[in-house]
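# Topology and contacts: notes
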Amino acid sequence: METHGSQERQDSGSGRLSNTAGGIAVERLRSIIERVERLEEERKALTADIGDIFVEAKSAGFDVKVVRQIIRLRKRQPAEVEAEETLLAIYRQALGM
C-alpha cells in the first residue's frame, strides 16, 4: 500500500510490516533519533550534576582548576604523566624557574 511516498512492506526476516518513506525505514530512524535525544538529555543532567560537585568542591576550599587537572591526569597512563612531568621539570630548570 503506497501513500505520498510512504509504503508498507513485508519484512522478510520477521514477517512484520515496516513503514518506509523514500527507501528509509521510518521506525528505525525514529528510534535512533529518539535514543540520541534521550542520551543528550541524560548528558545535560550529568553535566549539571558535575557542575554541582565542582561548586561543592569550591565551597569546601578546594581549587577547582587543580581538581579538574587531577581528574585529567587520572585518565592518562602513569608512565605518560611521569614522562611529561620529568620534561616539564627539565624545561623549568633550563629557564631558571
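The structure displayed is predicted, hence computed values, not measured ones.

## As for the overall build of the chain
In terms of regular secondary structure, the chain is built from three helices and four strands. The linear arrangement of helices and strands in the chain, starting from the amino end, is β-β-β-β-α-α-α. About 8800 Å² of surface is accessible on the chain, with carbon and sulfur atoms providing 56% of the total.

## Considerations on the packing of aromatic side chains
The full count for this structure, using the stated rule, is zero aromatic pairs. The ring centre of Phe54 lies 3.9 Å from the NZ or CZ of Arg68, which sits over that ring.

## Let's talk about the UniProt feature "coiled-coil region" (unreviewed entry) in the chain
In the UniProt entry, the feature "coiled-coil region" (unreviewed entry) is given for residues 29-56. Across residues 29-56, helical content stands at 100% and strand content at 0%; the span's end C-alpha atoms are separated by 41 Å.

Reading the values: rules and limits
- Residues numbered from 1 in each chain as written.
- Predicted model: local features only at pLDDT ≥ 70, side-chain atom pairs only at ≥ 80, totals over all residues.
- Heavy atoms only, no water.
- Helix = DSSP H or I, 4+ residues; strand = E, 2+ residues; numbered from the N terminus.
- Areas by Shrake-Rupley, 256 points an atom, 1.4 Å probe, with all protein chains shown as cover.
- Phe/Tyr/Trp six-rings, centres within 6.5 Å; stacked < 30°, edge-to-face > 60°.
- Lys NZ or Arg CZ within 6 Å of the ring centre and 35° of its normal.
- UniProt positions renumbered as here; feature names shortened; annotations may be inferred.

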